[in-house]
Amino acid sequence: MSAIQTEGVIMGEDYSNLQKMYQQRFQTQYQNMQESKQPPSYRPKNNSGCGLIAALAAGFFVALGVALVLFFSQGSFDVIKEKFSETNSRDDKQQPVKKVSKKKKPEGTITNAVIIPGKDGQQKLWLQSWELDGTEYRLNTYIYDPFEKEMQGYTGVTSPNYPPSYSMLYANDEIWKVNSESGPNKAGIYTYDPVTGSEKLSTESFCAKFPELNGGITRLYYFPNPPRLNLESADGRKPVYDILGGELYAGDTEFRNSFKDKKNTITVFALGVENSGESARKRLFLVTGPESSLWSRSVEEYYFTSSSTLKFMLNSEAKVTAKGKVFLEGVMLYQDDDACFILHQDKTGTSAERLLSCVDRSGTVLWTKATGDGLSKRLRATDDNSLSSMFFIKNAVQLSRSGNLVLFNYEKSGFTGFDFSTGKVLFGVETGDN
């Protein structure tokens, strides 16, 4: 496994552990809350115990009589049975998206937001959120027109388990939704029609396509660049699935070797550390080299401390772009042939303003947005919240682009659409806990 992939796996496991920790904490708090609502214990004195027993017995016979009447009444028992089934039904499978008119905007804590390229140039969004519905969790899926603020489809699924942490993307005219194994939630792979919301592929049907996966999969790790799944099968195999190419490779080495003949030269953006002792200060570089070396469009930050390291490791060269600009605690969220998007801070430390900058190929910063100006105020780094550090935040934000639409999603807050050229806020929805 490459250095990049190893880092991704470790971060994935850390996030899963955090999720489990907060799930346990939430369940403990909920249990304590329920116990606090119970009436205080009462111990009968003297003959009051006999009276209590008599009252219970009388209640039992009354209930038995009512039950017998209902049982012999035509259709009454069937009605009760039907109502009981409706109340306690649990469907863990995604249902076809239904047209809705009552919901004005997405509800719950939004965890995923994916752009669906519109054939008429007007993009739609595929959204997913979760919320606590009584003692169960409801997983909501929406098809939403953010420009018209119109809900075009919705489905909700309830489960007794905390929802898994899904990764979602639009690829090959399908919505892909995958999740790693966490707690009672098994690793899963699903694809959907982006317009109708109907399920096209499930974990079982995906595994049925490949003899190597006939026994099923036990673990899954998603890597976005290029989109791929590192799988672990029930019989110990560790294949890699290329989402864009639709091909299953025997392992990580075989997948990397599929790029070895690509000798064409490409240029990618990368954030690097100029001095090894100043890890917070990130500079933006343009790295040029063979695609066989830069296939992941990602370069380790410490490669830039020496030009010889970059040449030796990747047979590539780099030059600083956006000269004079330092991106403190910077994280590369997205890049394409036109520009890159960097999340960074105005200063180091645990109390800082968060900024989102769009930088084009010439090194020009097209625009920068701050919290309260296009970005949720919840994105700020604060002293009273240790989970607001960039280490945790970078796992909770996603950015994607389709044409002139830039979509930024922060899973605890909501999403915002920006105009690529100007940075103008086109729409935004804020949800989740305050």
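How each quantity is defined
- Residues numbered from 1 in each chain as written.
- Predicted model: local features only at pLDDT ≥ 70, side-chain atom pairs only at ≥ 80, totals over all residues.
- Heavy atoms only, no water.
- pLDDT = per-residue confidence, 0-100.
- Contact = heavy atoms within 4.5 Å.
- Salt bridge = Lys/Arg side-chain N within 4 Å of Asp/Glu carboxyl O.
- Helix = DSSP H or I, 4+ residues; strand = E, 2+ residues; numbered from the N terminus.
- Buried < 20%, exposed > 50% of the residue type's maximum accessible area, 1.4 Å probe, protein only.
- Polar contact = N/O pair within 3.5 Å; in protein donor to acceptor, adjacent residues only side chain to side chain.
- Pairing = 2+ DSSP bridges.
- Phe/Tyr/Trp six-rings, centres within 6.5 Å; stacked < 30°, edge-to-face > 60°.
- Lys NZ or Arg CZ within 6 Å of the ring centre and 35° of its normal.
- Core = buried A, V, L, I, M, F, W, Y, C linked by side-chain atoms within 4.5 Å.

A. Layout of the confidence of the model for the chain. Per-chain confidence: the chain averages 80 in pLDDT, with 75% of residues scoring 70 or above. Counted against residues more than four places away or in other chains, residues 1–55, with its pLDDT under 50, gives 45 contacts. In the predicted structure, residues 62–92 sits below a pLDDT of 50 and forms 13 contacts with residues beyond four places in sequence or in another chain.

B. Structural detail: the pattern of salt bridges. Inspection of the entire model under this criterion finds twelve salt bridges. Its salt-bridge partner being E174, residue K200 comes within 3.1 Å of it at the nearest N-O pair. A residue pair is termed long-range when its members are at least 10 positions apart, and K200 in strand β8 (residues 199–201) and E174 in strand β6 (residues 174–179) qualify at 26 residues. Judged by relative accessible area, which is 46%, K200 ranks as partly exposed. With a closest N to O distance of 3.4 Å, E291 and R297 form a salt bridge.

C. Region of interest: the side chain of N185. Tracing the backbone through its elements, the reader meets N185 in the loop between β6 and β7 (188–192). Overall, the relative accessible area of 14% leaves N185 in the buried class. A distance of 2.8 Å separates a polar atom in the side chain of N185 from the backbone oxygen of Y162. Each residue touching N185, except ones within four places of it in the same chain, is listed here: N161, Y162, P163, P164 and S180.

D. A look at the pairing of strand β3 (residues 136–145). Within β3, nine of the ten residues are buried, which leaves the element mostly enclosed by the surrounding structure. Between strand β2 (residues 124–133) and β3, which pair antiparallel in sequence order, lie two residues; one of them, G134, sits at a positive phi of approximately 70°. Hairpin connection of β3 to strand β4 (residues 150–159): four residues between the antiparallel strands, including K149 at a positive phi of 55°.

E. Spatial organisation of the packing of aromatic side chains. This structure, assessed with the given rule, holds 23 aromatic pairs. In textbook terms, an aromatic cluster arises when at least three aromatic residues are bridged by ring pairs, as seen for Y334, F341, W367, F418 and F420. For the cation-ring pair, K177 lies above Y166, with the distance from its terminal atom to the ring centre recorded as 4.5 Å. Positioned above the aromatic ring of F420 is the side chain of R401, whose terminal nitrogen or guanidinium carbon lies 3.7 Å from the ring centre.

F. Main features of the nonpolar core. With 20 residues, the main nonpolar core has L333, F341, L356, L379, V397 and F408 as its most contacted residues. Membership of the second largest hydrophobic core comes to 18 residues, among which are A187, F210, L220 and Y241.

G. Local environment of the pairing of β6. Burial of β6 is extensive: six of the six residues sit out of reach of the surface. Burial along β6 is two-sided: the residues E174, W176 and V178 and I175, K177 and N179 are all buried. Pairing between strand β5 (residues 166–171) and β6: six bridges, direction antiparallel. In the strand pairing of β6, S167 is matched with V178. The turn joining β5 and β6, which pair antiparallel and follow one another in sequence, is formed by two residues; a positive phi near 55° is taken by N172. By the bridge criterion, five bridges tie β6 to β7 in an arrangement that is antiparallel. Each bridged residue has a counterpart across the sheet, and for W176 the counterpart in β7 is T191.

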